[in-house]
Amino acid sequence: MSGTAGHGTVKGRDFRLFWFGETVSLLGNGIAVVALPFVAVLTLHAGTFVVGLLTSVAYLPWLLLGLPAGAWVDRLPRRPVMLVSDAVSFVAFVSVPIAAWAHVLTIPHLLAAAFICGCASVFFTTAQRAYLPTLLSDAELLSGNARLQGSESTAEIIGPGLAGMLVQAFGAVAGLLANALSFLVSWISLRAIRVTEPPPSPPPEVRRRRLRTEVRDGLRFLFRDRILRTLAVFSAVSNIALTGMSSIEVAFLVRTVGAGEAVVGAVLTLCGLGGVLGVLVSHQVSRRYGSARAVVICLCGAAPFTLLFPLTGPGAGLAFFVVGGVGVGAGVVAANIITDTFRQRYCPPDLIGRVSASAAVISFGAIAVGGLLGGVLGELSGVRETMWMMTGMYTLATVALVCSPIRKLRDFPESDGSLCAAATEKAVP
């Protein structure tokens, strides 16, 4: 925690700037999540496999870069990393509408833009999680994470609706232009932050160690801790299932259910209300039942709602999708807020980048697998049948969570720093 962060006025202003930039960027992402498949389906007439592949390609960089990114972020100032990431994302996404207007847009171009932006997201997300404790005290982290998660949930509500309107009014690529501009706003907001970030200051013997050794430290800390390990495994399996469904939801709603672009945007907008509900209840549930118990309650409570997705039909049958989206969103978002706060409090400051990256590699790597799996199964077995398969997988993941060591805890523990030494002392040559 930096000394500057202890001054309320500076901290408040800088967090508000950070929060504003993230909110605008998240809104752009909320638009792009729907606009990108629309470009593939409507502009390039891509099949279900390509639609699923877009999600997979966007998260593939976590498998390729996630672990070394954590070590690099722990060696570098975090804000410059985020600034470069925003600039790269802006260039990647603004190239798509330019190519479309020049009539030279292709599926490989669309996949490349998703991949490049995914690479930038690896570094931005890893740096952001390590940077937030610079702006907030430990006592404020839960509130800060809730605000950021609230922005994400609000973006998930507004974004799809805006995407649907932009697609109908200006064409499918207009949504990607809006997303590109959101990265520019995020970059400007980050540049305006005044707080002085403390320089990374690992001990000399750590600075001399190889990057591979530092990566191993983060993985060791994660997998030797039974709580972090359990959360990582659940995140992997559940993300495969949920992404397997979400990666083909636009194709499912447009081609199988027969909904129009504006209706799809409206349905996904209503689904986003679940995230807002999760933000509102996360603190109350955690305080009443305990942080660990609240996570189990939220995630298990979300499982029955996944059964509603494959039951979706035209007209009034779309209500199944909306109710399912609200229920799953509320449970997953509330759990994410609590577990993110736990990791930020629990992990030692000099390891937080690597531990966060290690967990993110597992979580987002699973999203890459889920996107690809959803596309492949959608082509081979049918889209609705794939939705049923993914529902079963998520249910199995929640059963495993109930049987894990977390079920015996009321609250997650907080780190006293001793785990950092245990994780690193054996790795020092």
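Here's what I pulled together on the structure shown here. (Residues numbered from 1 in each chain as written. Predicted model: local features only at pLDDT ≥ 70, side-chain atom pairs only at ≥ 80, totals over all residues. Heavy atoms only, no water.)

1. Quick look at unusual backbone geometry
Where we set the bar: The helix count covers DSSP runs of H or I at least four residues long, the strand count covers runs of E at least two residues long, and both are numbered beginning at the N terminus.
You will see that His103, though not glycine, has its phi angle at about 60 degrees, which is positive. Structurally, His103 can be placed in the loop between helix H3 (78-101) and helix H4 (107-135).

2. Examining the nonpolar core
Test applied: Put simply, a nonpolar core is a bunch of buried Ala, Val, Leu, Ile, Met, Phe, Trp, Tyr and Cys residues held in one set by side-chain atoms that sit within 4.5 Å of each other. Burial classes follow relative accessibility: with a 1.4 Å probe on protein chains only, a residue under 20% of its type's maximum area counts as buried, one over 50% as exposed, and anything between as partly exposed. Contact criterion: two residues are considered in contact whenever any of their non-hydrogen atoms come within 4.5 Å of each other.
One finds Leu110, Leu176, Leu253, Phe321, Tyr394 and Phe412 to be the most contacted residues of the largest nonpolar core, which totals 88 residues. Among the elements that line this core, the one with the most residues is helix H14 (residues 318-346), at 10 residues. Residues in contact with Leu253, not counting those within four places in the same chain, are Gly258, Ala259, Val264, Val267, Leu268, Thr312, Leu318 and Phe321. The next biggest cluster of nonpolar side chains, apart from the first, holds 18 residues, and it includes Leu83, Tyr131, Leu132 and Ile193.

3. Some remarks on a nonpolar patch on the surface
Convention followed: Like charges are joined within 9 Å and nonpolar side chains (Val, Leu, Ile, Met, Phe, Trp, Tyr) within 5 Å, but only among residues with over 30% relative accessible area and no salt bridge; these make up the patches. Using a 1.4 Å probe, the Shrake-Rupley method yields the accessible areas, and only the shown protein chains count as cover for residues. The salt bridge definition used is simple: a Lys or Arg side-chain nitrogen within 4 Å of an Asp or Glu carboxyl oxygen.
A surface patch of nonpolar side chains, amounting to about 330 Å² of accessible area, comprises Leu60, Leu63, Leu64 and Val369. Per-element accounting of the nonpolar patch gives the leading share, 3 residues, to helix H2 (residues 48-75). In this fold, Leu63 is placed in helix H2. Residue classification places Leu63 among the partly exposed residues on the basis of a relative accessible area of 45%.

4. Considering the side chain of Thr391
In this structure, Thr391 sits in helix H16 (residues 383-402). Judged by its relative accessible area of 2%, Thr391 falls in the buried class. The residues contacting Thr391, other than those within four sequence positions of it, are Met245, Thr306, Leu307 and Pro310.

5. With respect to the packing of helix H11 (residues 261-271) against helix H12 (residues 273-289)
Note the threshold: Axis definition: a line fitted to C-alpha atoms, limited for helices to the stretch in contact. Angles are taken between N-to-C directions and run from 0 to 180 degrees. The cut-offs work like this: below 35 degrees is roughly parallel, past 145 is roughly antiparallel, 65 to 115 is roughly perpendicular, and the gaps in between are oblique.
At a minimum axis distance of 4 Å, the contact between H11 and H12 shows a crossing angle of 10 degrees. By the angle between their axes, H11 is roughly parallel relative to H12. On H12, the residues touching Thr269, Leu270 and Cys271 of H11 are Leu273, Gly274 and Gly275.

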